[in-house]
Amino acid sequence: MPELPEVETTRLSFAHRIEGARVVDVRMGKPLRWPLGCDALALRQNHVGSVTRRGKYLWLPLRVADEDEAAGGGLLMHLGMSGSLAFRDQVDHPGKHDHFDLVTTKGTLRLTDPRRFGAVVWSPSLTTGSAAKLLANLGVEPFDPAFTGLQLHGALRRRKVAVKTALLAGDIVVGAGNIYACEALFTAGIDPRLRSDKLSKPRSERLCQAVRSTLAQALRLGGSTLRDFRDAHGMAGEFQSHAQVYARAGQPCTVCATPIRKIVQGQRSTFFCATCQTR
DNA sequence: CTGGGCTCCTGTCAGC
DNA sequence: TGCTGACAGGAGCCCA
């Protein structure tokens, strides 16, 4: 589910409210993708710092306030395919898909994740331990000035996979998942099947701009709510109704009316317009 | 090192 | 209405 716009929308919706809170209790539900990596009770008395994002991961820094239950470090969170976070003053008894509650003096942060591909992992810091390992192979942030057409061209030149697959891999540029990779390629007018190393510099420049503009537009619209995405206030996103190709197989292209095609690349569906995406 | 395929898990929907 | 199979926003891991 959550690609960069959804993760960032989530972060913006609760980061300012949880900052400075003291952890009062922690509740774990069914196992998530990885174990927490520390004693959950050791998180109590820690203070939550400023929540940041790297790719599709969120980082909740913790500061030790009471040496008895010291954890420090922070929590690296990932929403997987079906995860969402809610931050509420008061939470109900956990439902069957609520697998993590961080109860704080300012409210409770709850991870709901039916498929449990998501994760909450403790790490001593962002640059050491499990966080460092999980973030090690991430590509550049799409809104970082270091992400340029030239840089993208250089990275794609060394791959032979389809450009769509290379975008999804996240080790060149982070943030574009299946929806936004499809949408960015449409905006750039590039065939998703094109081999990465066949992208010219002008095409790479267009793709760079398209990745950025697509993610920026999605961010303005609060992400995409296909089924169950909500930000931490429970607000749905609006991007899905602006999608030009994603989930529109058989429907007319908004530009040229050619029916949108659906193919499979690397076990993921790709949607594209065979007329518009040839430049 | 690269690329392809599998896997984790649950819910939903199309088709019979 | 009930069953079965395909598919879903991610990404780590294993093997060729």
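Residues numbered from 1 in each chain as written. Chains lettered and ligands numbered in written order. Predicted model: local features only at pLDDT ≥ 70, side-chain atom pairs only at ≥ 80, totals over all residues. Heavy atoms only, no water.

Caption draft 1: Representation of the nonpolar core within the structure. Among the nonpolar cores identified, the biggest contains 37 residues, and Leu156 and Leu207 are the most heavily contacted of them. Those elements giving two or more residues to this core turn out to be α3 (149-156), α4 (163-169), α5 (178-188) and α6 (201-220). Ranked by residues supplied to this core, first place goes to α5 with 8 residues. In this structure leucine 207 touches Leu152, Leu156, Val163, Leu167, Ala184, Leu185, Ala188, Ile190 and Leu199, once residues within four positions along its chain are discounted. Core analysis: the next-biggest nonpolar cluster, separate from the first, contains 30 residues, Leu60, Leu79, Leu85 and Trp122 among them. (Core = buried A, V, L, I, M, F, W, Y, C linked by side-chain atoms within 4.5 Å. Buried < 20%, exposed > 50% of the residue type's maximum accessible area, 1.4 Å probe, protein only. Helix = DSSP H or I, 4+ residues; strand = E, 2+ residues; numbered from the N terminus. Contact = heavy atoms within 4.5 Å.)

Caption draft 2: The domain arrangement of chain A, seen in detail. When its domains are assigned, chain A resolves into domain 1 (4-135) and domain 2 (149-272). A separation of 29 Å is found between the C-alpha centroids of domain 1 and domain 2. Contact with domain 1, which involves 18 residues of that partner, is made by 18 residues of domain 2. For the pair domain 1 and domain 2, the summed buried area comes to about 1500 Å², and 62% of that belongs to carbon and sulfur atoms. Among the residues of domain 1 in contact with domain 2, Pro5, Glu6 and Thr9 are the three that bury the most area, contributing 34% of the side total. Put simply, domain 1 and domain 2 have 0 salt bridges between them. Between domain 1 and domain 2 we count 7 residue pairs in polar contact (both at pLDDT 80 or more) in total. Elements that contribute at least two residues to the side of domain 1 that touches domain 2 include exactly α1 (4-18) and β6 (84-88). The leading source of residues in the side of domain 1 that touches domain 2 is α1, at 9 residues. Across the side of domain 1 that touches domain 2, the residue classes tally to 6 nonpolar, 6 polar and 6 charged. (Domains from an automatic or database assignment. Buried area = accessible area lost by both parts, 1.4 Å probe. Salt bridge = Lys/Arg side-chain N within 4 Å of Asp/Glu carboxyl O. Polar contact = N/O pair within 3.5 Å; in protein donor to acceptor, adjacent residues only side chain to side chain. Nonpolar A, V, L, I, M, F, W, Y, C, P; charged D, E, K, R; others polar.)

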